[in-house]
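Residue-level structural notes
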Amino acid sequence: MNDERTEYKRLDSSFVEKRMLTGCFGKKVLYYEEVDSTNTVAKQLGRYPGNHGVLVLAERQNAGRGRLGRNWSSPGGSGIWMSLVLQSGILPANASMLTLVTALAVNRGIREETGLESFIKWPNDIIINGKKVCGILTEMSTVSDKLECVVIGMGINVNGEYFSEELKSRATSLRMECRKEVDRVNLIVNIMKYMEYYYEVFERTETLKYMVDEYNKFLINRNLQVRIREADSEYTGLALGINETGALLVETEEINQGLKNTSVKTVMSGEVSVRGILGYV
Ligand code: BTN
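Numbers given to residues run from 1 along each chain, matching the order in which its sequence is written. In keeping with the model being predicted, local features are shown solely for residues with a pLDDT of at least 70 and side-chain atom pairs are shown and tallied solely at 80 or more, while totals for entire chains, interfaces and linings include all residues. Note: side-chain values were computed over all heavy atoms of the structure, leaving out hydrogens and water.

Quick notes on the side chain of Glu59
Helix and strand assignments follow DSSP, with helices taken as H or I runs no shorter than four residues and strands as E runs no shorter than two, numbered in order from the N terminus. Following the sequence through the fold, Glu59 ends up in strand β2 (residues 55-61). Only protein chains enter the accessibility calculation, which uses a 1.4 Å probe; a residue is then buried when its area is under 20% of its type maximum, exposed when over 50%, and partly exposed in between. Given the relative accessible area of 0%, Glu59 is considered buried. In protein, a polar contact means a hydrogen-donor-capable atom and an acceptor-capable atom, both N or O and within 3.5 Å, with residues adjacent in sequence counting only if both atoms are side-chain atoms; elsewhere, any N or O pair within 3.5 Å suffices. Reaching out from Glu59, the side chain makes a polar contact with the backbone nitrogen of Leu11 at a distance of 3.1 Å.

Here's what the structure looks like:
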């Protein structure tokens, strides 16, 4: 995204902290005018005890990172580029589900703050009118097979109005969709409120048991044909919804000696890309 406006209301860490409606998440905010990546800063913090719930916020990132090794455009003043540090007792194998937990929280926060009809593209993109408005990057570090920290990076296109030629067809911002400026602090506060709520539900079972229905309700891929690209295979099928582990269930068909065989594949999030067969969604 290329935001050409130079004037914008800066975020202020103590103002954001005071507005927080949570018990822990975002009660301590570290703010940077410019940073390489808030995920990198948060990962450093996560190495030291006592940083559970700390939120790293930057006005601009000069080396923002996305999933699958992609770059994440993060110009100044227009977006929310933030990373939450979690120092949790959950099993490392269950940490990737936090990405879906975050998608639920961001989706709900955006809906409540803007009134827009946002949806989730599995596993963790937030979509409005067929275009991406937010991406989530979850990274973790372990020590002797135990989780040291999980960092949840959230990139939300809030008030930007310009996207590069390359991004234009698949990216949008909240302002472009609701045609008015969106208050970034209110949105951060709302997202943290839901993040803490869903995280506490998740932590009890380390599954998505109590969130599957809500997630599937907002899953934009549901009942649509999707193209799954994994490291060594690619196939098309009908997305049915997620299960309690956050995997996407995809119904595929094979014709064998004139007979149609239907099976359901369980697609785990990770190094996998999902596209609609006609476009981005
Ligand atoms: C994606 O959809 O590819 C994930 C994008 C995640 C971007 C956010 S912005 C804040 C945090 N810092 C980063 O470098 N990346 C994440």
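Side note on the packing of helix α3 (residues 97-114) against helix α6 (residues 184-205)
Under this scheme, a helix contributes an axis fitted over its contacting stretch, all axes are lines through C-alpha atoms, and angles between N-to-C directions fall in the 0 to 180 degree range. At a closest axis distance of 8 Å, the pairing of α3 and α6 adopts a crossing angle of 140 degrees. With respect to their mutual orientation, α3 and α6 come out oblique. Between α3 and α6 lies a crossing whose hand is right-handed. In this structure, α3 contributes Met97, Leu98, Val101, Thr102, Leu104, Ala105, Val106, Arg108, Gly109, Ile110, Glu112 and Glu113 to the contact, and α6 contributes Asn186, Leu187, Asn190, Ile191, Lys193, Tyr194, Met195, Tyr197, Tyr198, Tyr199 and Phe202. When residue character is reported, Ala, Val, Leu, Ile, Met, Phe, Trp, Tyr, Cys and Pro are called nonpolar, Asp, Glu, Lys and Arg charged, and the others, Gly included, polar. In terms of residue class, the contact of α3 with α6 is made up of 15 nonpolar, four polar and four charged. Angle categories: roughly parallel below 35 degrees, roughly antiparallel above 145, roughly perpendicular from 65 to 115, and oblique for all the rest. Put simply, a crossing is left-handed when the front helix is turned counterclockwise from the back one by less than a right angle, and right-handed when it is turned clockwise. Note on definitions: a residue-residue contact is assigned when non-hydrogen atoms from the two residues lie within 4.5 Å.

Thoughts on the packing of aromatic side chains
Ring pairs shown here join Phe, Tyr and Trp side chains whose ring centres sit within 6.5 Å, with only the six-membered ring taken for Trp; geometry is labelled stacked below 30 degrees between planes, edge-to-face above 60, and tilted in between. If you walk through the whole model with that rule in mind, you get three aromatic pairs. Measuring from ring centre to ring centre gives 5.4 Å for Phe25 and Tyr199, while their planes differ by 50 degrees; the resulting arrangement is tilted. One end of the pair, Phe25, is in the loop between α1 (13-19) and β1 (29-35); the other, Tyr199, is in helix α6, and 174 residues separate them in sequence. For Phe25, a relative accessible area of 2% translates into the label buried. What makes Tyr199 buried here is its relative accessible area of 2%. Taken together, a centroid distance of 5.1 Å and an interplanar angle of 65 degrees make the contact between Tyr197 and Tyr198 edge-to-face. Take Tyr197: its relative accessible area is 46%, and that puts it in the partly exposed class. Residue Tyr198 is classed as buried on the basis of its relative accessible area of 2%. Aromatic ring contacts, followed pair by pair, group Tyr194, Tyr197 and Tyr198 into a single cluster.

Observations regarding α6
Spanning 22 residues, α6 covers 32 Å between terminal C-alpha atoms, matching the ideal 32 Å at 1.5 Å per step. Where α6 begins, the side chain of Asp183 points an oxygen toward the backbone nitrogen of Val185, at a separation of 2.9 Å. Positive phi shows up at Glu206, right after α6, with a value of about 55 degrees. A helix is expected to span 1.5 Å multiplied by its residue count minus one.

As for the nonpolar core
Soluble globular proteins tend to bury their nonpolar side chains together. We define a nonpolar core as any set of buried Ala, Val, Leu, Ile, Met, Phe, Trp, Tyr and Cys residues linked to one another through side-chain atoms lying within 4.5 Å. In this structure, Ile156, Leu174, Ile188 and Met192 are the most contacted members of the largest nonpolar core, which totals 66 residues. Looking at which element gives the most residues to this core, the answer is α6, with 12 residues. Beyond its immediate stretch of four places on either side in the chain, Leu174 contacts Ile110, Thr114, Leu116, Ile128, Val133, Ile156, Asn157, Val158, Arg179, Val182 and Leu187. Val35, Val54, Val56 and Val85 belong to the second largest nonpolar core, which has 10 residues in total.

Re the pattern of salt bridges
The term salt bridge refers to a side-chain nitrogen of Lys or Arg lying within 4 Å of a carboxyl oxygen of Asp or Glu. Enumeration according to the criterion identifies 15 salt bridges in this entry. Measuring nitrogen to oxygen at the nearest pair gives 3.1 Å for the salt bridge that ties Glu112 to Lys193. With Glu112 in helix α3 and Lys193 in helix α6, this pair connects stretches of sequence that are 81 residues apart. By relative accessible area, which is 26% here, Lys193 ends up partly exposed. The partner of Lys121 in a salt bridge is Asp125, with the nearest N and O atoms 3.9 Å apart. Accessibility classification places Lys121 together with Asp125 in one group, the buried group.

Overview of the sheet that holds strand β8 (residues 225-229)
Strand pairing follows a simple DSSP-based rule, namely that at least 2 bridges must link the two strands. Strand order in this open sheet of five strands is β11-β10-β9-β8-β12, and the pairing throughout is antiparallel. Each edge of the sheet is formed by a strand with only one pairing partner; in this case those strands are β11 (259-267) and β12 (273-276). Pairs of neighbouring strands in the sheet enclose a mean axial angle of 40 degrees, with direction left out of account. Here strand β9 (residues 234-242) pairs with strand β10 (residues 248-256) via four bridges, running antiparallel. Within β10, the position partnered with Gly241 by the bridge is Leu249.

Focus on the site of the ligand
Taken together, 19 residues lie near the ligand, and Ser37, Gln61, Arg65, Arg67 and Lys132 sit nearest. Within the side chain of Thr38, a nitrogen or oxygen atom sits 3.1 Å from a nitrogen atom of the ligand. Gln61 places a side-chain nitrogen or oxygen 2.9 Å from a nitrogen atom of the ligand. Note that accessible areas follow from Shrake-Rupley with a 1.4 Å probe, and for residues the cover is restricted to the protein chains shown. Across the complex, the protein chains shield 98% of the 410 Å² of accessible surface that the ligand would expose by itself. If you list the elements that add at least two residues to the shell around the ligand, you get α2 (38-45), β3 (79-86), β6 (131-143) and β7 (146-157). Residues belonging to the shell around the ligand are distributed by class as follows: five nonpolar, 10 polar and four charged. Each residue is tested against the molecule or strand, and it is near if at least one of its non-hydrogen atoms lies within 4 Å.

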